[in-house]
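Examination of the molecular architecture
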Amino acid sequence: STSDVTLYAQWCSNPTFTVTYDGNGNTGGEAPEDDTKYEEGMSVTVKDNTGDLVKTGSSFTGWNTEADGSGDSCTADATIVMGTANLTLYAQWSTKPTFTVTYDGNGNSGGTVPVDGTNYEEGTSVTIKGNTGNLAKTGFTFAGWNTAADGSGTGYNPAATLEMGSRNLTLYAQWTLIPTYTVLYDGNGNTNGTVPSDAIDYE
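These remarks concern the structure in this document.

A look at the overall build of the protein
Across its full length, the protein carries 0 helices and 16 strands. Computed over the C-alpha atoms, the radius of gyration of the protein is 36 Å, more than 25% above the 17 Å expected from 2.2 N^0.38 for a compact globule of 203 residues. Per-residue burial over the protein gives 26% buried out of 203 residues. For the protein, the computed accessible surface area is about 13300 Å², with 46% contributed by carbon and sulfur atoms.

Rendered as structure tokens:
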């Protein structure tokens, strides 16, 4: 060439990839969002459950690269190295145990106990049922429920609330003895015969 030549550097954009969070069957809340475009080899900081994801009957345990948990697990603030493809992190769920509330007539002579068909997770609120089945016990009146048959536990009145513990709960009907009275006949100075007798105990 008969003049100076300038050569200009040429640039090709590096490909970038995204990180998407998936609730993986959540029943509430929102999956986190990550708007960053990551190049291969960049560090990705895993987000926490910032959108309060929930799933009925389960607890959130972290993230995994596979929905069924068979991939790589990662927890909040962990770092992973970006690969050569978009990445989806799936919420992982652990099934929470549930517990039941059973009502016991505790010696009732009639009526039926209430039935509570709810399965309660630990820490959830339980509303105590009333004597909906007209439980009765001869000579006694219904006086609420107790966690012990002999009344030595915690007592609850109908419509009270309690916090479910980590085991099944039985509530026993409590009974108060109805006082009874007798009728006595007095001859009041009689000189013959005997007074009637009445062996009935009257409430």
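The discussion continues.
Topic: the sheet that holds strand S13 (residues 140-146)
The mixed open sheet is built from 4 strands, whose spatial order is S10-S16-S13-S14. The sheet terminates laterally at strand S10 (101-104) and strand S14 (155-156), the two strands that pair on one side only. Two elements, S13 and S14, share 2 bridges in a ladder whose sense is antiparallel. If you follow Asn146 over to S14, its bridge partner there is Gly155.

Focus on the environment of Val195
One can find Val195 in the segment after strand S16 (169-177). With a relative accessible area of 38%, Val195 lands in the partly exposed category. Val195 sits 10 residues away from Tyr185 along the chain, and the two C-alpha atoms are 5.9 Å apart. Once residues lying within four places of it in the same chain are set aside, the contact partners of Val195 are Tyr185, Asp186 and Gly187.

Quick look at the pattern of salt bridges
Going through the model one piece at a time under the given rule, you end up with 1 salt bridge. Here Glu121 and Lys96 are joined by a salt bridge, their closest N and O atoms 3.6 Å apart. Of this pair, Glu121 sits in strand S11 (residues 120-121) while Lys96 sits in the loop between strand S8 (87-95) and strand S9 (98-99), and the two are 25 residues apart along the sequence. With relative accessibility at 34%, the residue Lys96 sits in the partly exposed group.

A short note on the pairing of S10
Of the two faces of S10, only one is covered, namely that formed by Val101 and Tyr103; the face formed by Thr102 and Asp104 stays uncovered. Sheet analysis places S10 next to S16, joined by 4 bridges and oriented parallel. Across the sheet, the residue bridging to Tyr103 is Leu171, located in S16.

Description of a nonpolar patch on the surface
The grouping of Val183, Tyr185, Val195, Ile200 and Tyr202 at the surface amounts to a nonpolar patch, some 420 Å² of accessible area in total. Mapped onto the elements of the fold, Tyr202 is located in the segment after S16.

Overview of the sheet that holds strand S2 (residues 19-22)
If you walk across this open sheet you meet the 4 strands as S2-S8-S5-S6, and the pairing is mixed. Strand pairing shows two members of the sheet lacking a second neighbour, S2 and strand S6 (73-74), which therefore form its edges. Where S2 meets S8, 4 bridges bridge the pair, whose relative direction is parallel. Within S8, the residue paired with Thr20 across the bridge is Thr88.

A closer look at the nonpolar core
With 15 residues, the main nonpolar core has Val101, Ile128, Trp145, Met164 and Leu171 as its most contacted residues. Of all the elements in the fold, those that place two or more residues in this core are S10 and S16. Ranked by residue count, the leading element in this core is S16, at 4 residues. Sequence-distant contacts of Leu171, defined by excluding residues within four places in its chain, comprise Val101, Thr102, Tyr103, Asp104, Ile128, Trp145, Asn146, Thr147 and Tyr156. Counting 14 residues, the second largest nonpolar core, distinct from the first, contains Tyr21, Val46, Trp63 and Met82.

Conventions we followed
- Residues numbered from 1 in each chain as written.
- Predicted model: local features only at pLDDT ≥ 70, side-chain atom pairs only at ≥ 80, totals over all residues.
- Heavy atoms only, no water.
- Helix = DSSP H or I, 4+ residues; strand = E, 2+ residues; numbered from the N terminus.
- Rg over C-alpha atoms; globule rule 2.2 N^0.38 Å.
- Buried < 20%, exposed > 50% of the residue type's maximum accessible area, 1.4 Å probe, protein only.
- Areas by Shrake-Rupley, 256 points an atom, 1.4 Å probe, with all protein chains shown as cover.
- Pairing = 2+ DSSP bridges.
- Contact = heavy atoms within 4.5 Å.
- Salt bridge = Lys/Arg side-chain N within 4 Å of Asp/Glu carboxyl O.
- Patch = residues over 30% accessible without salt bridge, like charges linked within 9 Å, V, L, I, M, F, W, Y side chains within 5 Å.
- Core = buried A, V, L, I, M, F, W, Y, C linked by side-chain atoms within 4.5 Å.

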